[in-house]
Amino acid sequence: MDVDAVVLELYGLRPADFTAARDARAARARREKDTAAAAAIAALRKPTLAVWAANLLARTHPDRAEALLRLGTELRRAYRELDGAQLRALSHEQHRVIAALAAEAGHVAAGAGEQLRESVVREVEGIFHGLLADEETARQWAAGCLRKAPTAAVGFEGLEPAPDAVPRPAAAPRRTAEVPAPPAAKTARPAADKDTTVVDKDTTAAGKDAMAAARERAAQASAALQMAEEHLSEAAAARDRAEADAAELRGELAALKERVETAQRAAREAKRRQRQAEQARAKAERTAQQAARRLAEADRSGG
């Protein structure tokens, strides 16, 4: 059995249909004595609604999937090269692209019969954010076979800059126009002045080197600050999404608790009525038995 073909088929199904189809394919593989395929298929996890919606978007709009892959490649390159200006521009772009993709995933899911709640749409956004830092999982998603949401990441954790990368400044430092020195007086200078001139030139060169080093350190600090700000922004957005999800889940949990309590009260009432009915039936049986005995006695007396 072609496991890849089965994976492609299963992860295109709605989550409600996944388990039965997976078990049927695994059973077929066992009947065909393909134990390796049976084990691989049986181990497949049912996708969440958000993962299914993300897969559906990649399957129906492969051009959008490729666009996200390209954005991830550019972001990872900018991070490796410590290109602060490019990283900041692409980070702003990623928020716009991901919001649009998540909204589109909601539309295609609705067209397939699944209306996504706001919390699920936020989960889809989290999936797309995670894909930007994980090239292998992003490729899996682009094929429409994402099995589970990637681990939530802040920035590019685990992705180290290139060893020879030097942070690039956001903009090239503007050079100050040099003011020409006034012409020297045409007077004879003593021999000692030549030594002073050499010292002055050495001092000027050292000063320029120090300024260049300071500019490089400033550029590094600027790039590091930009990346830290982007990471902080992403962390804050992730925190907001998590808090919103937690609030929604708390509301759902409260509603479920209320439903459970109502069901428990109904169950207790049903048990009480059942006991009353059983008691009434037992009483009726005793009455019927007594009536039957009296009738039998009457028949014997009359005979």
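Residues numbered from 1 in each chain as written. Predicted model: local features only at pLDDT ≥ 70, side-chain atom pairs only at ≥ 80, totals over all residues. Heavy atoms only, no water.

J.: In this structure, what is going on with the pattern of salt bridges? I would like to understand it.
T.: Close approach of charged atoms lets side chains of opposite charge pair. Scanning all chains against the criterion turns up 10 salt bridges. Residue Asp 23 is joined to Arg 22 by a salt bridge in which the shortest nitrogen-to-oxygen separation is 3.2 Å. Classification of Arg 22 as buried rests on a relative accessible area of 14%. Between Glu 32 and Arg 28 there is a salt bridge, with the nearest N and O atoms lying 3.1 Å from each other. (Salt bridge = Lys/Arg side-chain N within 4 Å of Asp/Glu carboxyl O. Buried < 20%, exposed > 50% of the residue type's maximum accessible area, 1.4 Å probe, protein only.)

J.: What should I look at first to understand unusual backbone geometry in this one?
T.: Negative phi values dominate among residues other than glycine, just as trans dominates among peptide bonds. Although it is not a glycine, Lys 33 sits at a positive phi angle of roughly 65 degrees. Relative to the helices and strands, Lys 33 is located in the loop between helix H2 (15–31) and helix H3 (35–42). A residue is classified by how much of its surface remains accessible, and Lys 33, at 71% relative accessible area, is exposed. (Helix = DSSP H or I, 4+ residues; strand = E, 2+ residues; numbered from the N terminus.)

J.: Looking at this structure, how should I read H3?
T.: Since the α-helix turns once every 3.6 residues, residues separated by three or four places project in the same direction. Taken residue by residue, H3 has Ala 37, Ala 38 and Ile 41 as its buried positions. The arc that holds every buried residue of H3, seen down its axis, measures 100 degrees, which confines them to one face. In this structure, H3 carries Thr 35 and Ala 36 as exposed residues pointing more than 90 degrees from its buried face. At its buried positions, H3 is contacted by helix H1 (3–10) and H2. (Arc of directions from axis to C-beta. Contact = heavy atoms within 4.5 Å.)

J.: It is not clear to me how the nonpolar core should be interpreted in this structure. Could you clarify?
T.: Where a protein is soluble and globular, its nonpolar side chains tend to be buried together. Counting 34 residues, the largest nonpolar core has Leu 68, Leu 71, Val 124, Ile 127, Phe 128, Leu 131 and Trp 141 as the members making the most contacts within it. For this core, the elements supplying multiple residues, two or more each, are helix H4 (49–60), helix H5 (62–80), helix H6 (84–111), helix H7 (118–133) and helix H8 (135–142). Top contributing element to this core by residue count: H6, with nine residues. For Val 124, the contacting residues outside a window of four places in its chain are Ala 50, Ala 53, Ala 102 and Ala 105. By size, the runner-up hydrophobic cluster in this structure holds 10 residues, among which are Tyr 11, Phe 18, Ala 26 and Leu 44. (Core = buried A, V, L, I, M, F, W, Y, C linked by side-chain atoms within 4.5 Å.)

J.: What is the right way to look at the packing of H2 against H3 in this model?
T.: When two helices pack together, their arrangement is given by the angle between their axes and by how far apart the axes lie. Contact geometry of H2 with H3 gives a least axis separation of 8 Å together with a crossing angle of 165 degrees. By the criterion of interaxial angle, the relationship of H2 to H3 is roughly antiparallel. Where H2 crosses over H3, the two elements pack in a sense that is left-handed. Between H2 and H3, the residues in contact are Arg 22, Arg 25, Ala 26, Ala 29 and Arg 30 and Ala 37, Ala 38, Ile 41 and Ala 42, respectively. Grouping the constituent residues of the contact of H2 with H3 by class yields six nonpolar, no polar and three charged. (Axes fitted to C-alpha atoms, helices over the stretch in contact; angles between N-to-C directions. Parallel < 35°, antiparallel > 145°, perpendicular 65-115°, else oblique. Left-handed = near helix turned anticlockwise from the far one by under 90°. Nonpolar A, V, L, I, M, F, W, Y, C, P; charged D, E, K, R; others polar.)

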